[in-house]
Amino acid sequence: MKSILTLVALFVTGLSHAQDYENRPWMPLENRIGLALGIGSFTYLDKNSSPLVYQSKPKNLRLFYNLESNTFLFSVDLDVRLGSNAPKYHKDRTLYFQEEDYKGKKEDKKFPAGGSFMAGKISLGAYYKIPSTQESTFKVAVGGRIMNELFYPQGWNSAGMFNALSISPEGLIQHRVNEYHQFTASVRIPVAALLTRLPYDNTVSAPDKKQVKGFFNNSSWEGPTKFIAPALTMGYNYQINTHWGAGLNYELGWYNIQTPQQMKALSQSILANFHHQF
Amino acid sequence: MKKRNLIQSLFFAFVCSAFIMASCEEEIIGPEKANTPTTNFEQFWKTFDEDYGMFEVKNIDWKAIHDQFKPKVNDQMTDEELYTVLSEMIVLLNDNHLNLYPTNGELPVFPGGILSYRNRQLEILKVQEDYDIEVAKTYTTDYDQVTENIGYGKLPDNLIYLNVKGTDGMKEVEKQMAKVMVNISSARGVIIDVRGFYGGYDPVSQYIAGCFATSKKLYMTTKKRNGPAHSDFTEPAAWYVEPKTSNPYDKPVIVLSSRFTQSAGETFALALRQFEHITAVGDTTAGSFSDNPNFEMYNGWMFSVSVGDYRAPGEVSYEGFGIPPDVFVKTTKDDLLDGKDVTLEKAIEMFPE
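All values derive from a computational prediction rather than experimental measurement.

We now examine the sheet that holds strand β1 (residues 99-101) of chain B. Residues and elements named next belong to chain B. With antiparallel pairing, four strands are arranged side by side in an open sheet as β2-β1-β14-β13. Since the sheet does not close on itself, it has two edges, and those belong to β2 (110-111) and β13 (294-296), each with one partner. In this sheet, strand β14 (residues 302-304) lies alongside β13 in antiparallel orientation, the contact comprising three bridges. Counterpart to Glu-296 in the pairing with β14 is Met-302.

Structure, rendered in structure tokens:
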């Protein structure tokens, strides 16, 4: 904890001292493309197939594009998360198979019962900048986000697998401290989602259906009582010069899915980003 | 200076918020139940109670089984003792799709088993002693393994030996089976060997069976558990087998099965059995058709549960019994050790001159 805070302090202080470039007007309207790398965790309990809490600590890669006009803000994010996956309190499980053939050859095989975690997200956000706040250093925008999230844990158990195409209203607040420093926070709550989960029986085989089709065959529109998934993001951006910036982003997502049986999940990620301002 | 302090304060707040939220994980997700032999036994029993698909068709009183075994469970018992109790419970379900996977690395995976009498003792068949693909291949020439699980070769007198031991990806199977069907179209007969087909994905089996179908026929209906009551099931899904080419193979076909032909191998055999030009030779199949996803207990152990109730046309259930062949032939261990596949030889003899 201490070392992280020290690093963060050094980062801020170091960048503040490096501000020797030309004076320029207020931080420009965003027209930036960027890449972010980070770490995170995804912890979940999917009662549809397991009483165990699973946890993955995936690496996170994000490609983003932000565009701002005098009236609107737009964003497109593409996220990929990859990592290993295991029950939180049973990380080192080992399976032991005894095999024998008709020739009498016996073989003992032991191997770890590990798993992997893959998640992908694509989201498009659009926000209206509330005019009365635009003169302040605290600027507020409201809008919405369309997002598709796929969580695909793989292993001996299929707990935690789902896809959700959701529509969420979203509020955004930006605090532009000066021409270099900007803090951002947003909150969104899905109001409708096309949710795909494994069915109660946890299998997808169906006549004439390929596996992917079998999985998506089980999709249904759910309202905010069956798919509860508020998310909070916080970000800090430092504008290094007129074309380059860097920052940190933290994202917290809570999932409480009620169908076919309850799944609760907590998703967190922290990413360092670099962006190019056009 | 003031502004700089503000930035650092905001930054500090940012980082602290993240850490505070991270620490709320257990409150948000909820704690796991205590890991004790009693909670594990109850979780195991309850999962079967809520997900097993064949209590009704097999006429099993699962509550009575709970009451029979519960007195043997206490929180002082060892892993090995718990393993014995759970294994004995699943043997009563006579279901080869039920496996118990201890994860302590010391106790072996317990197969629900194909039950069989040997020397008047009921035991679980663990070793396949009536089939070896390497022995079968010695009867062929130009054997070509076209996918990981499909291979074929020539037999004497213009016959073809086709071995299917699992299911590959659907696209790969469609592509390779199209070529295979062209290459075997002039053969006077085909022997399809599924004695080593232990399972896979049913729609792929459905597709391969369609390569030998001469008309569209219902071969199976499936329903799966969708609620806690033993009678809670999805609406039945109808599985049809139908020709996959414009020139379906309609010459004699013999399918070789064994007690180890199971799951998607067994639904494949069932689909082929619907046609008059196809004859089954060998041994009865395993009697385990349903999908069987894995579930878990608080101690991290896993177990598979058959969640469906699969029926042949006419509502016939072969679960626990298997599909009997038209002609019973069984290769023995000694035959295999002598390099002989008696079942395959019998099948070759059965083709008309």
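From this point, the narrative continues.
Now for the confidence of the model for chain A. In the predicted model, chain A carries a mean pLDDT of 88, and 90% of its residues have values of at least 70. Long-range and interchain partners of residues 1-26 of chain A, a stretch whose pLDDT sits below 50, account for 36 contacts in this model, where long-range means more than four residues apart.

Before going further, it helps to examine a negative patch on the surface. Residues and elements named next belong to chain B. On the surface, Asp-79, Glu-80, Glu-81 and Glu-106 cluster together into a negatively charged patch. Tracing the sequence through the fold places Glu-106 in the loop between β1 and β2. Under the relative-accessibility criterion, Glu-106 is labelled exposed at 61%.

With that settled, consider the domain arrangement of chain B. All names here are of chain B. In terms of domain boundaries, chain B breaks down into domain 1 (37-125) and domain 2 (133-287 + 322-350). Spacing between the C-alpha centres of domain 1 and domain 2 amounts to 31 Å. Taken together, the contact between domain 1 and domain 2 spans 14 residues of the former and eleven residues of the latter. Buried surface at the junction of domain 1 and domain 2, summed over both partners, amounts to about 1000 Å²; 50% is from carbon and sulfur atoms. Three residues stand out in domain 1 for area buried against domain 2, namely Glu-50, Glu-56 and Ile-114, and they jointly supply 38% of the buried area on that side.

Okay, the side chain of Ser-75 of chain A next. Residues and elements named next belong to chain A. Its place among the elements puts Ser-75 in strand β4 (residues 72-87). Among the polar contacts made by the side chain of Ser-75, one reaches the side chain of Arg-145 at a distance of 3.0 Å. The residues contacting Ser-75, other than those within four sequence positions of it, are Tyr-65, Asn-66, Ser-123, Leu-124, Gly-125, Tyr-127 and Arg-145.

With that settled, the discussion passes to helix α3 (residues 37-51) of chain B. All names here are of chain B. Taking 1.5 Å of rise per residue, the 15 residues of α3 would be expected to cover 21 Å, and the 21 Å separating its terminal C-alpha atoms lies within 8% of that figure. Within α3, eleven of the 15 residues are buried, leaving the element largely enclosed by the surrounding structure. Those residues of α3 not exposed but buried are Pro-37, Asn-40, Phe-41, Gln-43, Phe-44, Trp-45, Thr-47, Phe-48, Asp-49, Glu-50 and Asp-51. In this fold, the buried residues of α3 make contact with α4 (62-69), α5 (79-91), β1, β13 and β14.

What follows covers the sheet that holds strand β15 (residues 308-311) of chain B. All names here are of chain B. The antiparallel open sheet is built from three strands, whose spatial order is β10-β9-β15. Each having just a single partner strand, β10 (237-241) and β15 make up the two edges of the open sheet. Direction aside, the axes of adjacent strands within the sheet are offset by 20° on average. Bridging between strand β9 (residues 217-224) and β15 involves four bridges; their strand directions are antiparallel. Directly across from Thr-221, in β15, lies its bridge partner Arg-311.

Residue and element names in this part refer to chain B. Of all five residues making up strand β11 (residues 253-257), five are buried, and the element is well covered by its neighbours. Here β11 shows two buried faces, one formed by Val-253, Val-255 and Ser-257 and the other by Ile-254 and Leu-256. Pairing of strand β8 (residues 189-193) with β11, which is carried by four bridges, proceeds in the parallel orientation. The partner of Val-190 across the bridge, within β11, is Val-253. Strand direction decides the pairing type here: β11 and strand β12 (residues 278-282), joined by five bridges, are parallel. Bridge pairing in β12 places Ile-254 opposite Thr-279. This β-α-β element, β11 to helix α9 (residues 264-272) to β12, shows right-handed connectivity.

The rules behind the values
- Throughout this description, residue numbers start from 1 for each chain and increase along the sequence as written.
- Both sets of labels track the order of writing: A upward for chains, 1 upward for ligands.
- A pLDDT threshold of at least 70 governs which residues receive local features in this predicted model, and a stricter bar of 80 or more applies before side-chain atom pairs are shown or counted, although totals over entire chains, interfaces and linings include all residues.
- Only heavy atoms go into the side-chain values, all of them from the structure, while hydrogens and water stay out.
- Strands were regarded as paired on the criterion that DSSP finds at least two bridges between them.
- By definition, any uninterrupted DSSP run of H or I lasting at least four residues is a helix, any uninterrupted run of E lasting at least two residues is a strand, and each is numbered from the N terminus.
- The predictor attaches a confidence to each residue, called pLDDT, with possible values from 0 through 100.
- When checking whether two residues touch, look at their non-hydrogen atoms; a contact exists if any pair is within 4.5 Å.
- A residue counts toward a patch only above 30% relative accessible area and without a salt bridge, and it is joined to like-charged neighbours within 9 Å or, for Val, Leu, Ile, Met, Phe, Trp and Tyr, to nonpolar neighbours within 5 Å.
- Under the convention used here, a 1.4 Å probe and the Shrake-Rupley method define accessible areas, while residue burial counts only the protein chains that appear.
- Any Lys or Arg side-chain nitrogen located within 4 Å of an Asp or Glu carboxyl oxygen qualifies as a salt bridge.
- Only four residue types enter the tally: Lys and Arg on the positive side, Asp and Glu on the negative side, with His and both chain ends excluded.
- Taken as the charge centre is NZ of Lys, CZ of Arg, CG of Asp or CD of Glu, depending on the residue.
- Only protein chains enter the accessibility calculation, which uses a 1.4 Å probe; a residue whose area is less than 20% of its type maximum is buried, one above 50% is exposed, and one in between is partly exposed.
- Here the bounds of each domain stem from an automatic or database domain assignment.
- The buried area of a pairing is the accessible area, by a 1.4 Å probe, that goes missing from both parts when the two are put together, added over both.
- The definition of a polar contact used here is a pair of N or O atoms within 3.5 Å, where within protein one atom must be able to donate a hydrogen and the other to accept one, and adjacent residues in sequence count solely through side-chain atom pairs.
- Expected span of a helix: the number of residues minus one, times 1.5 Å.
- Axis angles are defined between N-to-C directions and span 0 to 180 degrees, where every axis is a line fitted to C-alpha atoms and, for a helix, only to the segment in contact.
- Classification remark: right-handed applies to a crossover when, strands pointing away from the viewer, the course from the first strand over the helix to the second runs clockwise.

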